[in-house]
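As a plain string of letters, each chain reads:
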Amino acid sequence: MAFALEVPEPWAGRGWKVKIRDRERVEPPHVTILYKTLAWRFGLRSEGFLDKVPEPGNVPIAVLDEIRANLPLLRTEWDRMYPENPV
Amino acid sequence: MAFALEVPEPWAGRGWKVKIRDRERVEPPHVTILYKTLAWRFGLRSEGFLDKVPEPGNVPIAVLDEIRANLPLLRTEWDRMYPENPV
Amino acid sequence: MNEHLILIAPRGHADRALSRVRARRVRTKADIKTTLERFQGNALWIAANEAALHLLLSSLTRQAQGDQRLLVLHARRREPSHYLHAFFRHVLFADEGIYLLPFDEMIEAIDSPDRADLFVGASFAGETDSVILYRGDLEPLVVPLTWFRKRPDGPPDPSRLAVADFGQTIRLGKYEAAADAILYDFDSDYRRRAKKRAIETDRSFGGALRRVRLQKGLRRGDFPGVTAKEIARIERGEVKRPHAHTVAAVAERLGVSPEEIADF
Amino acid sequence: MNEHLILIAPRGHADRALSRVRARRVRTKADIKTTLERFQGNALWIAANEAALHLLLSSLTRQAQGDQRLLVLHARRREPSHYLHAFFRHVLFADEGIYLLPFDEMIEAIDSPDRADLFVGASFAGETDSVILYRGDLEPLVVPLTWFRKRPDGPPDPSRLAVADFGQTIRLGKYEAAADAILYDFDSDYRRRAKKRAIETDRSFGGALRRVRLQKGLRRGDFPGVTAKEIARIERGEVKRPHAHTVAAVAERLGVSPEEIADF
């Protein structure tokens, strides 16, 4: 079952999501920030964005803060779902 | 209704047909000799083949003789079907 | 034509009628998978019987690179067609209001190097009063019913649509139309090839105008703004370079572009 | 993506949700006919409601030159699909076992310049245990069900197939797969683009091998004829130029060609 981090309001209500889905590109370990048709991969090792596009600056700070505050939980979830490629 | 000339045996039995169909290329007036996937246009004015391909020499002489023997009938049929472009 | 012919011929289901078809044969799931994976070109696949269709359906897991087409001669089961359309650019089936050539004629037509100039299937689309014709490479061609002109003996009858004469004739009841005439009118590439085959053609603008006018069933007096006399003079070559506005008016009435007239 | 968007928007049937879509609008039969006749490029046509579909069906009499595609968001009536396939290269309909994005998400996805990298529809093909996914340009992509790997929580459930997150997620029950991961595995062009977007990637052969191995869910010990130790040394870059026969053996097990490994 895909894992979804609870995103603070007002961002959740506006459609921002943070997920680890059951089938992601595996390497490197990451969470995906989703907003409408856009997605940002955020590395669980590097604690930074993995891609230049879409523009990382467009992700709300509050969403990023929530991810950073929950890194241990997210790493545990990743390792549970992807034991062959743990953080 | 399409017009079909009776083709002599053994050619009719082998699948040779001579037709004026209800919708043909109009100009010049002609009959069409059909054999399997091939067709030859034979001109009702020129009394000769209209196309170089397929090879005119492959049409049985007996079929051609039958057409030549029935030119008045074929011309009448053409004029009936294509009054806008008579022979 | 440039597409390869691939005949799905599962072992133990030989069909003598098919033995003469010049095609690559695939006999097993592995054959089909390999062909789909490795084959880069365009291909026309033929499933001639239920076993062949079944083998194909159970082997389709990977999309091929090129343009793949599928002809199914066995009356279809109820596979959802969108599944086949995910793999094949064109799919032609033996039923669903689609009339195919009789089996023996179909085999001859498909085996012909000129199969794209033969019609192997037809279907009447009542919504817009048009007939969909399928060429031997499965490319569809849409012809308005009005193109089949009434004759003194009676009108074309789309409820009795059929393909005959090895793909060279379209039947609508007792009414028959030549594939040659249809292609000449609707496919400019065919028209070019057909003109090359002709032994002797009046290549002048006037000659072309006469041909297209007759093709469209119009009289010299049918061109608003241009007199019958003027049309006759152009057709006889007495006016070698008609005014651009005359050509435009004539083309408008013929339903072709001004440049296209000389093509006929 | 390079295809134009054409929205069929009959007068008197405005839909506020569609007003923001950046598309050319055709409103009448004459509009549609002109567009089909004059338009040479590739286009994605959208019929969002019954009136739009009806207008389109009654206007289709001439085939366009380019590659035309049709998305119908209104649940279909029983038009025979072969009629639409005579005009459109790909046709995607709202029912028949096909699951589309919810209407609002669909509008956003189609309006995106990256629509070809989003999935707007999905269908399960039980015959071969595969899932057909439709990209935003309606191009189908076939994914074997086995690609969706079992997780500790339970297997993917194809009977509960859906598209979610504006085309970025495929759902099979509670199981979710990223569109990104699917495209990365099945579309080498997407893979190239995705690698370009990456901020920092180990571009070595070893780095690529590690990515594709993990992508395929294999351990270092899973390569017959090559020891886990050797795989580790290649991945760490200690063996810069592995033997051709080692690369061949590894590629065989990964299910890719030897040249493809470096692509990942």
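Quick note: structure is the one above.
Remember, predicted model here, so these are calculated numbers, not experimental data.

### Considering the pairing of strand β7 (residues 119–125) of chain D
For a regular strand, side-chain orientation follows a simple rule: the groups alternate between the two sheet faces.
All names here are of chain D.
Piece 1. Most of β7 is tucked away, with six of its seven residues classed as buried.
Piece 2. Strand direction decides the pairing type here: strand β6 (residues 98–100) and β7, joined by three bridges, are antiparallel. Along β7, the bridge assignment pairs Tyr-99 with Ala-122.
Piece 3. With six bridges joining them, β7 and strand β8 (residues 130–135) adopt antiparallel strand pairing. Counted as the bridge partner of Phe-124 is Val-131 from β8.

### Considering the interface of chain A and chain D
Piece 1. The interface of chain A with chain D comprises 28 residues on the first partner and 34 residues on the second.
Piece 2. Roughly 2,900 Å² of surface becomes buried between chain A and chain D when both sides are summed, with 48% attributable to carbon and sulfur atoms.
Piece 3. Three residues stand out in chain A for area buried against chain D, namely Arg-23, Arg-25 and Thr-37 of chain A, and they jointly supply 30% of the buried area on that side.
Piece 4. Inspection of the chain A/chain D interface yields six salt bridges.
Piece 5. For Arg-210 of chain D, the salt bridge is made with Glu-27 of chain A, and the minimal N-O distance between the two is 3.3 Å.
Piece 6. Taken together, chain A and chain D are joined by 20 residue pairs in polar contact (both at pLDDT 80 or more).
Piece 7. Elements with a minimum of two residues in the side of chain A that touches chain D: β2 (17–20), β4 (38–43) and α2 (71–81) of chain A.
Piece 8. Sort the elements by how many residues they give to the side of chain A that touches chain D and β4 of chain A lands first, with three residues.
Piece 9. Partitioning the side of chain A that touches chain D into residue classes produces 11 nonpolar, two polar and 15 charged.

### Side note on helix α1 (residues 61–69) of chain A
Residue and element names in this part refer to chain A.
Piece 1. If you check which residues of α1 are buried, you get Val-63, Leu-64 and Ile-67. In a view along the axis of α1, the buried residues occupy a sector of 95°, so they form one face of it. Residues of α1 that are exposed and angled more than 90 degrees away from the buried face: Ile-61 and Ala-69.
Piece 2. Where α1 is buried, its residues meet β1 (3–5), β2, β3 (30–35), β4 and α2.

### Section: the pattern of salt bridges
All names here are of chain D.
Piece 1. Summed over the entire model, instances satisfying the criterion amount to 63 salt bridges over all chains.
Piece 2. Asp-111 serves as the salt-bridge partner of Arg-20, at 3.8 Å between the closest nitrogen and oxygen. Of this pair, Arg-20 sits in the loop between β1 (4–8) and β2 (24–26) while Asp-111 sits in helix α4 (residues 103–111), and the two are 91 residues apart along the sequence.
Piece 3. Put simply, Asp-111 and Arg-22 hold a salt bridge, and the shortest N to O gap is 3.2 Å.

### Some points on empty space enclosed by the protein
Piece 1. Tallying each qualifying case throughout the model produces five cavities of 30 Å³ or more.
Piece 2. Within this model, the largest cavity holds a volume of roughly 150 Å³.
Piece 3. Taken together, 19 residues make up the lining of the largest cavity; nearest its centre are His-82 and His-85 of chain C together with His-85, Val-91 and Tyr-134 of chain D.
Piece 4. Elements supplying a minimum of two residues to the lining of the largest cavity: α3 (81–85) of chain C together with α3 (81–85) and β5 (90–92) of chain D.
Piece 5. When the residues that make up the lining of the largest cavity are grouped by side-chain class, the tally is nine nonpolar, six polar and four charged.
Piece 6. One number sums up the size of the second largest cavity: a volume of about 40 Å³.

The rules behind these values
Residues numbered from 1 in each chain as written. Chains lettered and ligands numbered in written order. Predicted model: local features only at pLDDT ≥ 70, side-chain atom pairs only at ≥ 80, totals over all residues. Heavy atoms only, no water. Buried < 20%, exposed > 50% of the residue type's maximum accessible area, 1.4 Å probe, protein only. Helix = DSSP H or I, 4+ residues; strand = E, 2+ residues; numbered from the N terminus. Pairing = 2+ DSSP bridges. Contact = heavy atoms within 4.5 Å. Buried area = accessible area lost by both parts, 1.4 Å probe. Salt bridge = Lys/Arg side-chain N within 4 Å of Asp/Glu carboxyl O. Polar contact = N/O pair within 3.5 Å; in protein donor to acceptor, adjacent residues only side chain to side chain. Nonpolar A, V, L, I, M, F, W, Y, C, P; charged D, E, K, R; others polar. Arc of directions from axis to C-beta. 1 Å grid on protein atoms, 1.4 Å probe; cavity = no way out; pocket = protein on both sides within 12 Å on 5 of 7 lines; lining within 4 Å. Points joined across faces, edges and corners; volume = space filled by probe spheres on them.

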